[in-house]
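In case you want the letters, here they are:
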Amino acid sequence: QKEVEQDPGPLSVPEGAIVSLNCTYSNSAFQYFMWYRQYSRKGPELLMYTYSSGNKEDGRFTAQVDKSSKYISLFIRDSQPSDSATYLCAMSPTGGGNKLTFGTGTQLKVEL
Amino acid sequence: DTAVSQTPKYLVTQMGNDKSIKCEQNLGHDTMYWYKQDSKKFLKIMFSYNNKELIINETVPNRFSPKSPDKAHLNLHINSLELGDSAVYFCASSPPGRRSYEQYFGPGTRLTVT
């Protein structure tokens with residue numbers, strides 16, 4: 001079993017929909033939680049970054065961390081075709097240096 | 001004004017050959033990384049250097065040897081290439097301290113071994 005599990009999709013939604021992307025993890029030492037967006041044939045880019053539990057909002061994006069359930073989510077409001085990409089969750093333990101453990105990514109397609 | 005750059009972008013080579021991938025960052029970061037992304041998009045860390053010093057070395061065959069001539073550059077040399085080495089290799093860098101979890105990736109090098 002992988003340390004971080006993520007539904008690979010693909011997930012197809014109409015423009016304007018609310019999208020929910022999720023990851024579960026098994027390592028209770030994880031304290032830092034990131035979401036990266038990767039467009040086709042490009043490198044991942046950092047989208048959101050959260051430390052420990054709670055919510056964080058940035059424009060149309062909201063990241064949620066529930067450490068008790070070992071579950072993190074990324075919500076995208078008013079989704080746009082330009083949001084079509086693969087979304088990768090990543091995690092790291094406190095004191096674990098800079099080693100990130102990634103999920104396998106969820107492919108999202110937002111259709112007109 | 002590219003932040004993290006890699007060369008080459010594509011690399012097609014035969015089994016048994018030796019090849020190198022170069023990476024440079026102009027963000028002033030202290031830490032650089034090499035990741036491998038397989039055909040299923042799974043991204044896994046291979047190495048990390050902080051100020052030219054190796055700090056993370058995952059279970060990678062010793063055919064892979066990273067080299068950091070200075071903190072802005074991290075190269076990856078691969079000896080005796082195998083079919084299973086075909087993947088996209090990403091270089092990344094991160095700032096020091098508490099923001100070291102924010103990693104900035106290059107565009108990737110797509111390696112195909114035939």
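Residues numbered from 1 in each chain as written. Chains lettered and ligands numbered in written order. Predicted model: local features only at pLDDT ≥ 70, side-chain atom pairs only at ≥ 80, totals over all residues. Heavy atoms only, no water.

**Q** In this structure, what is going on with the overall build of chain B? I would like to understand it.
**A** The helix and strand tally for chain B stands at zero helices and 11 strands. Counted from the first residue to the last, chain B has its helices and strands arranged as β-β-β-β-β-β-β-β-β-β-β. With the C-alpha coordinates aligned to their principal axes, the bounding extent of chain B is approximately 40 × 30 × 25 Å. For chain B, with 114 residues in total, the buried portion stands at 46%. Here the analysis covers contacts within chain B between residues at least 6 apart in sequence; of these, 53% occur between residues at least 24 apart. As presented, chain B carries roughly 5,700 Å² of accessible surface, and 49% of it is formed by carbon and sulfur atoms. Taking the 14 positively charged and 11 negatively charged side chains of chain B as two groups, their mean positions are separated by 4 Å. (Helix = DSSP H or I, 4+ residues; strand = E, 2+ residues; numbered from the N terminus. Buried < 20%, exposed > 50% of the residue type's maximum accessible area, 1.4 Å probe, protein only. Contact = heavy atoms within 4.5 Å. Areas by Shrake-Rupley, 256 points an atom, 1.4 Å probe, with all protein chains shown as cover. Lys, Arg positive; Asp, Glu negative; His and termini not counted. Charge placed at Lys NZ, Arg CZ, Asp CG, Glu CD.)

**Q** Please clarify how the pairing of strand E8 (residues 71-76) of chain A should be interpreted in this entry.
**A** Remark: a regular strand shows side chains that alternate across the two faces of the sheet. Residue and element names in this part refer to chain A. Of the pairings in the sheet, the one linking strand E3 (residues 19-25) to E8 comprises six bridges and is antiparallel in character. Of the residues in E8, the one forming a bridge with Leu21 is Leu74. Where strand E7 (residues 61-66) meets E8, six bridges bridge the pair, whose relative direction is antiparallel. What sits directly across from Val65, in E8, is Ile72. Between the end of E7 and the start of E8, which pair antiparallel, lie four residues, with Lys70 showing a positive phi angle near 55°. (Pairing = 2+ DSSP bridges.)

**Q** What is the right way to look at the interface of chain A and chain B in this model?
**A** Interface size is commonly expressed as the accessible area that is lost once the parts come together. On the side of chain B, 23 residues touch chain A, which itself brings 26 residues to the contact. Here chain A and chain B share an interface that buries about 2,000 Å² over both sides, 54% of which is from carbon and sulfur atoms. At the junction of chain A and chain B, the tally comes to one salt bridge. Salt-bridge contacts for Glu58 of chain B lead to Lys99 of chain A; the nearest nitrogen and oxygen are separated by 3.2 Å. Joining chain A to chain B, the criterion identifies three residue pairs in polar contact (both at pLDDT 80 or more). (Buried area = accessible area lost by both parts, 1.4 Å probe. Salt bridge = Lys/Arg side-chain N within 4 Å of Asp/Glu carboxyl O. Polar contact = N/O pair within 3.5 Å; in protein donor to acceptor, adjacent residues only side chain to side chain.)

**Q** Help me understand the state of the cysteines in this model?
**A** A covalent bond between the sulfur atoms of two cysteines is referred to as a disulfide. Residues and elements named next belong to chain A. Tallied over the full model, the rule gives two disulfides over all chains. In this model Cys23 forms its disulfide with Cys89; the gap between the sulfur atoms is 2.0 Å. Of note, the bridge from Cys23 to Cys89 carries an S-S torsion of about -100° and is left-handed in sense. Of this pair, Cys23 sits in strand E3 while Cys89 sits in strand E9 (residues 85-93), and the two are 66 residues apart along the sequence. (Disulfide = S-S within 2.5 Å.)

**Q** Would you mind going over the side chain of Ser92 of chain A with me for this structure?
**A** Among the secondary structure elements, Ser92 of chain A is positioned in strand E9. Polar side-chain contacts of Ser92 of chain A include one of 3.0 Å to the backbone oxygen of Lys99 of chain A.

**Q** Help me out: how do you make sense of the layout of surface pockets in this one?
**A** Unfilled space is identified by rolling a water-sized probe across the atoms. What the largest pocket holds in volume is close to 270 Å³. Forming the boundary of the largest pocket are 17 residues, of which Arg41 of chain A together with Gln37, Lys41, Val88 and Arg110 of chain B lie nearest the centre. The set of elements that each furnish at least two residues to the lining of the largest pocket consists of strand E9 (87-94) and strand E11 (109-113) of chain B. Per-element accounting of the lining of the largest pocket gives the leading share, three residues, to E9 of chain B. Within the lining of the largest pocket, the residues separate by chemical class into five nonpolar, six polar and six charged. Of the voids in this model, the second largest pocket is the one considered here, and its volume is about 220 Å³. Taken together, 14 residues line the second largest pocket, and the ones lying closest to its centre are Lys36, Lys44, Met46, Thr59 and Val60 of chain B. For the lining of the second largest pocket, the element with the most residues is strand E5 (residues 43-50) of chain B, which contributes three residues. (1 Å grid on protein atoms, 1.4 Å probe; cavity = no way out; pocket = protein on both sides within 12 Å on 5 of 7 lines; lining within 4 Å. Points joined across faces, edges and corners; volume = space filled by probe spheres on them. Nonpolar A, V, L, I, M, F, W, Y, C, P; charged D, E, K, R; others polar.)

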